[in-house]
Amino acid sequence: MGGNSGQAGGHIYKSLADDGPFDSVEPPKRPTSRLIMHSMAMFGREFCYAVEAAYVTPVLLSVGLPNSLYSIVWFLSPILGFLLQPVVGSASDHCRSRWGRRRPYILTLGVMMLVGMALYLNGDTVVAALIANPRRKLVWAVSVTMIGVVLFDFAADFIDGPIKAYLFDVCSHQDKEKGLHYHALFTGFGGALGYLSGAIDWAHLELGRLLGTEFQVMFFFSALVLTLCFIVHLCSISEAPLTDVAKGIPPQQTPQDPPLSSDGMYEYGSIEKVKNGYVNRELAMQGAKNKNHAEQTCREMTLKSLLRALVSMPSHYRYLCISHLIGWTAFLSNMLFFTDFMGQIVYGGDPYSAHNSTEFLIYERGVEVGCWGLCINSVFSSLYSYFQKFLVSYIGLKGLYFTGYLLFGLGTGFIGLFPNVYSTLVLCSLFGVMSSTLYTVPFNLITEYHREEEKERQQAPGRHPDNSVRGKGMDCATLTCMVQLAQILVGGGLGFLVNTAGSVVIVVITASAVALIGCCFVALFVRYVN
């Protein structure tokens, strides 16, 4: 659920894409096959995300996680993300690896995702084989599983930023739009396949008996899909090292593999503030002269810069961030506990009973059916994303935004008040409407705000001094950080609500109430450009 972000040094928020000598030069057109290969990372990431969403709560409960620690797992990772995401983004901007700026981070974070999955899906089995003392076994099983979940979430949230920046670095404007379309498409496909895999009763199949449990089966498929997808992704489009750009273009450089403009940065840019294009020797030397300035700016990138940007941005940006926070809080409240809700409330199972008991088997069946519901969510998210471009001409962005929140709020409320297997599965399609809305409409509004500001700067350039212009990357980073903040709120509050109410049904009711509050907010406070 992570995103890209970046920090500005001091009060300088100018994007590299806004000005500079590289404005009119773009890399060559990339073949569609290369863009599809690049999008495979999103397929693998979302597949693993779907497996985590479907299995992590049942895994944590099956190892004996106390209710008091139920939400701590969701609380740690977003805190780390909110604090460190800007640092990782800026480090990626200034990475001088011979393999490029983004791919070393993508590879490292991919390995961390793999290790995290290994720990939370296999931790209980490994600990049981190594430790005989029941008390020690419980402590170690819970600890290893929690570490695995936090590590996976941390890496999976962070990796989206370098992947997007990698695309922006090596593609022209038209290919960026096409590449983002393929990213969204394969994200939906990956999520659907991940939830579909989790919905299969592997325990009664030959593969399940061979590997031990359904958790080991899902780790096998997740590790295989993630590894293959990231190998294809990392080999999709070559990336020029940052050091080569600072030194100039070697004689063998060809237009098919353009180097990146890098040290020719006059202000700090986040991972989305990458300027594409060819660099001639004169401009590369100019960039080298600004190397010390770039390094000094990089040292000034802190969380304080992000908070300052949030406080000082115009009110309509701030209201958009608040609406995004409300939406993600509602959505995550429902999604993170949905399979557990299906197992406990809809099917009436008990995750705390013995693993060979009827109550636990009923709970597992509910979790499997919940995976089918999440698969329906992913499929409808992809379909709704496709139809949005037709709907926007009739109801506008305001109508899309309001409708997404309203349908989600009504659907989750009905599920919480009248838990039934078939009606719940049908209403899972409304989860997809909300998911698509959160991934598209706020960023469309950001684009409209930027377009409006650009027109104002062209009409009255003297009214916008250079040192006060925010960059697009900073605005997108601030909006994306609302996802981490929503995770913090969900992690810190839902465990208390569940303990107080004594039932996970309160989670679904809370998600409905928050979404309906969001309806009012997006209708009354969010600004829409005509």
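Since we're looking at a predicted model, the values are computed, not measured.

Conventions and cut-offs
- Residues numbered from 1 in each chain as written.
- Predicted model: local features only at pLDDT ≥ 70, side-chain atom pairs only at ≥ 80, totals over all residues.
- Heavy atoms only, no water.
- Helix = DSSP H or I, 4+ residues; strand = E, 2+ residues; numbered from the N terminus.
- Buried < 20%, exposed > 50% of the residue type's maximum accessible area, 1.4 Å probe, protein only.
- Phe/Tyr/Trp six-rings, centres within 6.5 Å; stacked < 30°, edge-to-face > 60°.
- Axes fitted to C-alpha atoms, helices over the stretch in contact; angles between N-to-C directions.
- Parallel < 35°, antiparallel > 145°, perpendicular 65-115°, else oblique.
- Left-handed = near helix turned anticlockwise from the far one by under 90°.
- Contact = heavy atoms within 4.5 Å.
- Nonpolar A, V, L, I, M, F, W, Y, C, P; charged D, E, K, R; others polar.
- Core = buried A, V, L, I, M, F, W, Y, C linked by side-chain atoms within 4.5 Å.
- Domains from an automatic or database assignment.
- Salt bridge = Lys/Arg side-chain N within 4 Å of Asp/Glu carboxyl O.
- pLDDT = per-residue confidence, 0-100.
- Patch = residues over 30% accessible without salt bridge, like charges linked within 9 Å, V, L, I, M, F, W, Y side chains within 5 Å.
- Areas by Shrake-Rupley, 256 points an atom, 1.4 Å probe, with all protein chains shown as cover.

### Examining the overall build of the protein
Item 1. A count of helices and strands for the protein gives 17 helices and 0 strands.
Item 2. When each of the 530 residues of the protein is scored for burial, the buried share is 56%.

### A closer look at the packing of aromatic side chains
Item 1. For the coordinates displayed, the defined rule picks out 15 aromatic pairs.
Item 2. Summarising the aromatic geometry, the rings of Trp328 and Phe331 are spaced 5.6 Å apart at their centres and angled 85° between planes, so their arrangement reads as edge-to-face. In this pair, Trp328 and Phe331 both sit in helix H12 (residues 315-335), 3 residues apart, roughly one turn of the helix. The pair formed by Trp328 and Phe331 is uniform in burial state, with each residue classed as buried.
Item 3. On the basis of an interplanar angle of 85° and a centroid distance of 5.5 Å, the ring pair of Phe338 and Phe431 is categorised as edge-to-face. Taken as a pair, Phe338 in helix H13 (residues 338-346) and Phe431 in helix H15 (residues 421-459) lie far apart in primary sequence, 93 residues in all.

### Observations regarding the packing of H13 against H15
Packed helices, taken two at a time, are described by the angle their axes make and the gap between the axes.
Item 1. At a closest axis distance of 12 Å, the pairing of H13 and H15 adopts a crossing angle of 165°. With respect to their mutual orientation, H13 and H15 come out roughly antiparallel. By crossing handedness, the relation of H13 to H15 is classed as right-handed. Counted together, Phe338, Met342 and Val346 of H13 and Val421, Thr424, Cys428 and Phe431 of H15 form the full contact between these two elements.
Item 2. Its residues placed into classes, the contact of H13 with H15 shows 6 nonpolar, 1 polar and no charged.

### Some points on the side chain of Thr187
Item 1. For Thr187, the position within the fold is in helix H5 (residues 173-199).
Item 2. Owing to a relative accessible area of 17%, Thr187 belongs among the buried residues under this scheme.
Item 3. Apart from the residues lying within four places of it in its own chain, the contact partners of Thr187 are Met42 and Glu46.

### Description of the environment of Leu114
Item 1. Assignment of secondary structure puts Leu114 in helix H3 (residues 103-130).
Item 2. The exposure class assigned to Leu114 is partly exposed, which follows from its relative accessible area of 27%.
Item 3. Separated by 37 residues in sequence, Leu114 and Leu151 place their C-alpha atoms 9.3 Å apart.
Item 4. For Leu114, the contacting residues outside a window of four places in its chain are Phe219, Ala223, Leu226 and Thr227.

### Structural notes on the nonpolar core
Item 1. Ranked by internal contacts, the top residues of the largest apolar core, which has 118 residues, are Tyr401, Leu445 and Val526.
Item 2. Structurally, this core is a two-domain feature, drawing no fewer than three residues from each of domain 1 (29-239) and domain 2 (303-458 + 471-529).
Item 3. Contacts of Tyr401, omitting those with residues within four sequence positions, involve Leu320, Ser323, His324, Thr437, Val441, Pro442, Leu445, Val522, Val526 and Tyr528.

### What to know about the environment of Asp340
Item 1. Counting through the fold element by element, Asp340 comes out in helix H13.
Item 2. For Asp340, a relative accessible area of 0% puts it in the buried group.
Item 3. For the pair Asp340 and Gly366, spaced 26 residues apart in sequence, the C-alpha separation works out to 7.8 Å.

### A short note on the pattern of salt bridges
Item 1. Inspection of the entire model under this criterion finds 3 salt bridges.
Item 2. Between Glu46 and Arg45 there is a salt bridge whose closest N-O contact spans 3.9 Å.
Item 3. By relative accessible area, which is 4% here, Arg45 ends up buried.
Item 4. Glu452 is the salt-bridge partner of Arg527, the closest N and O atoms lying 2.8 Å from each other. Of the two residues, Arg527 sits in the segment after helix H17 (505-524) while Glu452 sits in helix H15, which places them 75 residues apart along the sequence.
Item 5. Judged by its relative accessible area of 31%, Arg527 is partly exposed.
Item 6. Overall, Glu452 belongs to the partly exposed group, its relative accessible area being 23%.

### As for the packing of H12 against H15
Item 1. Two elements in contact, H12 and H15, have axes whose closest approach is 11 Å; the angle formed by their N-to-C orientations is 170°. Classed by the angle they form, the pair H12 and H15 counts as roughly antiparallel. For the pair H12 and H15, contact is made by His316, Tyr317, Leu320, His324, Gly327, Trp328, Phe331, Asn334 and Met335 and by Phe431, Met434, Ser435, Leu438, Tyr439, Pro442, Leu445, Ile446, Tyr449, His450 and Glu453, respectively.
Item 2. Residues that form the contact of H12 with H15 fall into these classes: 13 nonpolar, 6 polar and 1 charged.

### Concerning the confidence of the model for the protein
Item 1. Looking at the protein, the pLDDT average stands at 74 and 75% of residues meet or exceed 70.
Item 2. Note on residues 245-301: pLDDT under 50 across the span, and 144 contacts to partners over four residues away in sequence or across chains.
Item 3. Overall, residues 465-469 carries pLDDT values under 50, and its contacts beyond four positions in sequence, including any with other chains, amount to 7 contacts.

### Considering a nonpolar patch on the surface
Item 1. There is a patch of nonpolar side chains on the surface, built from Val379, Phe380, Leu383, Tyr386, Phe387, Phe390, Leu391, Tyr394 and Ile395 and spanning about 900 Å² of accessible area.
Item 2. If you trace the backbone, Phe387 turns up in helix H14 (residues 358-417).
Item 3. Of the residues examined, Phe387 reaches a relative accessible area of 45% and is grouped as partly exposed.

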